[in-house]
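Inside the fold
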Amino acid sequence: MVDRSKLVAGVFVAGSLIAVGTFAAMDHSKHDPSMHGDHAAMMQQKSVEDKRELVLYPRPVYESTLRNMREHLRGVSQVQRLVGEGRYTEAAEAAERGMGMGHNHGHEGNASEHQFMPPGMMSLGRGMHMAAAELATTLRDTEVTDDLQAVFVAMGKVTANCVACHDAYRLQPME
Ligand code: HEC
């Protein structure tokens, strides 16, 4: 006769192995490769399919757009630094300079890329500039209220637009 407790233990172990195997497989398909250096490199070599929509710009517009993007990132960085130093009005100015509505894109600084943008991209761009204007207002209020939580909320709305657009679109110069 089979020892009942051993049988139960055996079933339990087998069940656990299946569970561990399943979990490992799930974990693999779901995890973010950027979290693991070596693994990320391997994944990149296999070139994961890029599902972002390709948008074509004339070369000078492409280059000035990327230049503007780097100014956006500089804006985010300056806002963070200035907020850390409690210089909220200057942070508001940095937000406007780096990311605001007045930050005109394009070859001649006149938003010349708008004609090449799909509507979804256009609205994310507009959303980002509006969120930056709101951030500037919040930062000026913070001089009085000292409400840092409001600053983080407003900053999060700006960067959510950066992330959403980067997830959806990629650029290439037309040759
Ligand atoms: C409306 C869309 C959109 C928004 C909003 C947007 N970006 Fe971009 N950005 C792009 C695209 C498209 C690229 C090119 C990506 C590619 O081709 O892989 C890019 C590229 C960049 C680059 C790379 C520049 C280079 O020299 O290669 C940086 C840095 C960047 N963005 C920062 C930001 C930051 C920071 C924000 C928000 C404050 C932002 N972007 C908002 C669309 C956007």
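For the structure itself, consult the block above.
All of these numbers come straight from a predicted model, not from anything done at the bench.

Protein-derived ligands of the iron atom of the ligand are M69 (SD) and H166 (NE2), with the metal-ligand distances lying across 2.0 to 2.2 Å. Relative to the metal, the 6 donor atoms surrounding the iron atom of the ligand lie at angles of 87 to 178 degrees, and the coordination shape comes out octahedral. Taken together, the residues span a long stretch of sequence, with M69 in helix α3 (residues 59-84) and H166 in helix α6 (residues 148-168) at a distance of 97 residues. For M69, a relative accessible area of 34% corresponds to the partly exposed category. On the basis of relative accessible area, H166 is assigned to the partly exposed category, the value being 46%.

Glancing now at the pattern of salt bridges. For the structure on display, the rule yields 9 salt bridges. For the salt bridge of R81 with E85, the shortest nitrogen-to-oxygen distance reads 3.9 Å. The class for R81 is partly exposed, based on a relative accessible area of 44%. A salt bridge links E96 to R140; the nearest nitrogen and oxygen atoms lie 3.0 Å apart. You can see E96 sitting in helix α4 (residues 88-99) and its partner R140 sitting in helix α5 (residues 119-145), a full 44 residues away along the chain. According to the relative accessible area criterion, E96 is partly exposed, its value standing at 36%. Owing to a relative accessible area of 34%, R140 belongs among the partly exposed residues under this scheme. Several salt bridges converge on common partners, so that one network encompasses R81, E85, R87 and E90.

All right, on to the packing of α3 against α6 then. Each packed pair of helices is defined by two parameters, the angle between the axes and the distance between the axes. Following both chains from N to C, one finds α3 and α6 inclined at 165 degrees, their axes separated by 12 Å at the closest point. Between α3 and α6, the interaxial angle falls into the category roughly antiparallel. Crossing angle aside, the handedness with which α3 passes α6 is left-handed. Together, M69, V76, V79, Q80 and V83 of α3 and L148, V151, M155 and H166 of α6 make up the contact between the two elements. Considering only residue class, the contact of α3 with α6 consists of 7 nonpolar, 2 polar and no charged.

Rules behind the numbers
- Residues numbered from 1 in each chain as written.
- Predicted model: local features only at pLDDT ≥ 70, side-chain atom pairs only at ≥ 80, totals over all residues.
- Heavy atoms only, no water.
- Donors = N, O, S within 2.8 Å, 3.2 Å for Na, K, Ca; no water.
- Tetrahedral: all angles 85-135°; square planar, octahedral: opposite > 155°, others 65-115°.
- Helix = DSSP H or I, 4+ residues; strand = E, 2+ residues; numbered from the N terminus.
- Buried < 20%, exposed > 50% of the residue type's maximum accessible area, 1.4 Å probe, protein only.
- Salt bridge = Lys/Arg side-chain N within 4 Å of Asp/Glu carboxyl O.
- Axes fitted to C-alpha atoms, helices over the stretch in contact; angles between N-to-C directions.
- Parallel < 35°, antiparallel > 145°, perpendicular 65-115°, else oblique.
- Left-handed = near helix turned anticlockwise from the far one by under 90°.
- Contact = heavy atoms within 4.5 Å.
- Nonpolar A, V, L, I, M, F, W, Y, C, P; charged D, E, K, R; others polar.

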